Amino acid sequence: MNDKENKINEISNEDLIEEIIIGSDDVENFVNGYILENDFPINLKQHCIFRGVSDYNHKLVPKALRKEKSGKYVICNYIHQNASKDYHSAIVDGIECDNKELTLELQYRREFFILFRFLDWADKSGLKVPEDRKIRKLLHSYINHPFDGYWPQSRFYEVIALAQHNGLPTCALDWSYNYKVSLYFAVRKILKKDTSKCVLWAFNYKYFEKKSEYVVKTGIEKEKKPQLRFYRPQYYYNDNLKAQKGLFTFLINNEKTFNPEEIKPLEEFVCDMVKEVAVKNRNSKIEVKLPGIAKFTLEKNERIFYKFVIEGEAKEKILEKLYSGYYSEEYLFPGYKGVADAMKNWADLQNLKEDKSR
C-alpha cells in the first residue's frame, strides 16, 4: 500500500466523533427525536446513551478528577484540612489537598473517605443505602480499608452511583438511556439567563459492553491501559435515578495505568482505543477488533460519539418543550421538592419569555 492509500485509510477523531449544530430552527425536530432517528446511519435513540453538559468546553472527565480554575481538585472541597489528625488512620493519613503528588492510591483514599462518610451519614439519617452486608460492615471500619492496587472496584459501584447521583465528586460519569432527560440537564441553565452553548453527547456504546465484561473476567491487574466499564445501578434505591433512567461509565485504573498529568476525557480515551486496532476498508467502513469481543464494523458515516452543540438561542425553546412533555423537575426529581422546583422554574421560564418579548 502506497503513502497516498495509507493516508486515505487513516482513522482520525473526525471519523469517530461528529459534531452537529442545533439552532433555533432545529428545535422541533430535535426535541421530538426526528433528527436522532432519521439523520444518521443508525437510530441514535436505540443505539446510544446520552449525557447533557451545560458548558460547551466541558470534557467528559469525572468530577473527582476535575480541577477548578485555581488548579485545586474539586474533590478537595469535601476534605477538611485536619482530616488526618481527626481520624488517625492509614487511609485518611495525608488525604488533605496540599499540592502533594497525586497517585492512584491517594486518589482512592480521598474518594473512599468521601464515599463512606456519605454512606455513614446517610444511613444514620435513616435514608436508603445499599443493603450489601460487606458494604454495611465497612460503615464501622472504612477508615482502615486497604488499597487493593486498582480503582474503582466493582463491589463499590452501588455506593459510587448513589454518591454521584447526589452531587458528590466520584470517578463515575452519569448517562441516561433517555435523550430528553440528558437534554434537560444540558439546557436548564437558561433559567439563570445563561445563553452560552451547551452539549448533548450521544455515545454509541453497545459495541463496548462486551469489552467491559471481558475486563471484569480477566482482571484489571493484567491490563496495561485504563479499562472502560458500564454499570446500571439498582433503581429501587434511588427514585431520582429511576426517573432519569440513569447508568454510569467508569475508567478503571491500576497503579501503572494512572497518570494524573494525562487524564483523558472519555471521548478521547475511547477514540484512541479504537484507532489503535481499527482499519478502514474499501467501502469506507471502519472495522474494529478489540480484545475480548468479536470484530464489529461501523457503517459508512457511523460514529462512536455524536456531539450535539446547542446554540444559546435554542435553549429556552427546548426547555419549554421538555416541560410541556413532562420532562420537568416534578418528574425527574420525584417528591415534594421536585414539585416546588418545577413551579418556581416554570414561572422563571415564563418571565424569561416575557422579558424577551418586551
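Let me begin by describing the structure that accompanies this report.

What follows deals with the overall build of the chain. Secondary structure summary: the chain contains 16 helices and eleven strands in total. Per-residue burial over the chain gives 50% buried out of 358 residues. For the chain, restricting intrachain contacts to residue pairs at least 6 apart in sequence, the fraction spanning at least 24 positions comes to 70%.

Throughout the structure, instances matching the rule amount to 16 salt bridges. In this structure, glutamate 28 and lysine 321 form a salt bridge, with 2.8 Å as the shortest nitrogen-oxygen distance. Taken together, the residues glutamate 28 in helix 3 (residues 27-31) and lysine 321 in helix 14 (residues 312-324) connect sequence positions 293 residues apart. Look at glutamate 28 and you get partly exposed, because its relative accessible area is 44%. Its relative accessible area of 34% is what places lysine 321 among the partly exposed residues.

Time to look at the pairing of strand 11 (residues 305-310). Along strand 11, six of the six residues are buried, which leaves the element largely enclosed by surrounding structure. Both faces of strand 11 are covered, namely the face carrying Phe305, Lys307 and Val309 and the face carrying Tyr306, Phe308 and Ile310. Pairing geometry for strand 1 (residues 17-22) and strand 11, over six bridges, is parallel. Among the inter-strand pairings, isoleucine 17 is bridged to a residue of strand 11, identified as phenylalanine 305.

Bringing the packing of helix 10 (residues 179-187) against helix 14 into the picture now. Where helix 10 contacts helix 14, the two axes come as close as 10 Å, and the packing angle between them is 135°. Here helix 10 is positioned oblique relative to helix 14, judged by the angle of their axes. The two elements helix 10 and helix 14 cross, and the hand of that crossing is left-handed. Along its contact with helix 10, which presents Lys180, Leu183, Tyr184 and Val187, the element helix 14 presents Lys315, Ile318, Leu319, Leu322 and Tyr323.

Read from one edge of the open sheet, three strands run 8-9-10, paired in antiparallel fashion. Two strands bound the open sheet, and with one partner strand each, they are strand 8 (279-280) and strand 10 (296-298). Pairing geometry for strand 9 (residues 286-288) and strand 10, over three bridges, is antiparallel. In the sheet register, glutamate 287 faces strand 10, and the bridge partner there is threonine 297.

With that out of the way, let us pick up the nonpolar core. Nonpolar side chains in soluble globular proteins tend to be buried together. Phe116, Leu119, Trp151, Phe156, Ile160 and Phe250 are the most contacted members of the largest nonpolar core, which has 42 residues in total. If you list the elements that add at least two residues to this core, you get helix 7 (104-124), helix 8 (133-138), strand 3 (150-151), helix 9 (157-164) and strand 7 (246-254). Element by element, the count of residues in this core is highest for helix 7, at ten residues. Once you skip the residues sitting within four places of it in the chain, phenylalanine 250 turns out to touch Pro152, Tyr157, Ile160, Cys171, Ala172, Gln227, Leu228, Arg229 and Tyr231.

For the rest of this paragraph, the subject is helix 16 (residues 336-357). Over its 22 residues, helix 16 extends 32 Å from the first C-alpha to the last, a length consistent with the 32 Å expected when each residue adds 1.5 Å. What helix 16 keeps buried is the set Gly338, Ala342, Asn345, Leu349 and Leu352. Projection of helix 16 onto a plane perpendicular to its axis shows the buried side chains occupying an angular sector of 90°, all on one side. Along helix 16, the residues that are exposed and aim more than 90 degrees away from the buried face are Tyr336 and Met343. Buried positions along helix 16 lie against helix 14 and helix 15 (329-332).

Let us now look at the environment of valine 199. Along the polypeptide, valine 199 turns up in strand 5 (residues 198-203). For valine 199, a relative accessible area of 1% translates into the label buried. Sequence separation of valine 199 and glutamate 311 is 112 residues, and the distance between their C-alpha atoms is 8.9 Å. Valine 199 has contacts with Arg51, Gly52, Val53, Tyr56, Ala186, Lys307 and Phe308, leaving out every residue within four places of it along the chain.

Turning our attention to the packing of aromatic side chains. Enumeration over the complete set of coordinates arrives at 27 aromatic pairs. Between the aromatic rings of tyrosine 108 and phenylalanine 112, the centroid separation amounts to 5.2 Å while the plane-to-plane angle is 40°, which identifies the pairing as tilted. Of the two residues, tyrosine 108 and phenylalanine 112 both sit in helix 7, four residues apart, roughly one turn of that helix. Overall, tyrosine 108 belongs to the buried group, its relative accessible area being 0%. On the basis of relative accessibility, which here comes to 0%, the residue phenylalanine 112 falls in the buried class. Ring geometry for tryptophan 201 versus phenylalanine 305: centroids 5.8 Å apart, planes at 85°, classification edge-to-face. On the criterion of sequence distance, the pair formed by tryptophan 201 in strand 5 and phenylalanine 305 in strand 11 is long-range, its members being 104 residues apart. Per residue, the accessibility class of tryptophan 201 equals that of phenylalanine 305, and both read buried. Ring-pair connections join several aromatic residues into one group, and the members of that group are Trp175, Trp201, Phe203, Tyr205, Tyr207, Phe208, Phe230, Phe296 and Phe305.

Now for the side chain of glutamine 227. As for its position among the elements, glutamine 227 is in strand 6 (residues 227-231). Polar side-chain contacts of glutamine 227 include one of 2.9 Å to the backbone oxygen of lysine 225.

Parameters at a glance
- Residues numbered from 1 in each chain as written.
- Predicted model: local features only at pLDDT ≥ 70, side-chain atom pairs only at ≥ 80, totals over all residues.
- Heavy atoms only, no water.
- Helix = DSSP H or I, 4+ residues; strand = E, 2+ residues; numbered from the N terminus.
- Buried < 20%, exposed > 50% of the residue type's maximum accessible area, 1.4 Å probe, protein only.
- Contact = heavy atoms within 4.5 Å.
- Salt bridge = Lys/Arg side-chain N within 4 Å of Asp/Glu carboxyl O.
- Pairing = 2+ DSSP bridges.
- Axes fitted to C-alpha atoms, helices over the stretch in contact; angles between N-to-C directions.
- Parallel < 35°, antiparallel > 145°, perpendicular 65-115°, else oblique.
- Left-handed = near helix turned anticlockwise from the far one by under 90°.
- Core = buried A, V, L, I, M, F, W, Y, C linked by side-chain atoms within 4.5 Å.
- Expected span 1.5 Å × (residues − 1).
- Arc of directions from axis to C-beta.
- Phe/Tyr/Trp six-rings, centres within 6.5 Å; stacked < 30°, edge-to-face > 60°.
- Polar contact = N/O pair within 3.5 Å; in protein donor to acceptor, adjacent residues only side chain to side chain.

Interpretation note: all reported values are geometric properties and have no functional meaning in isolation.
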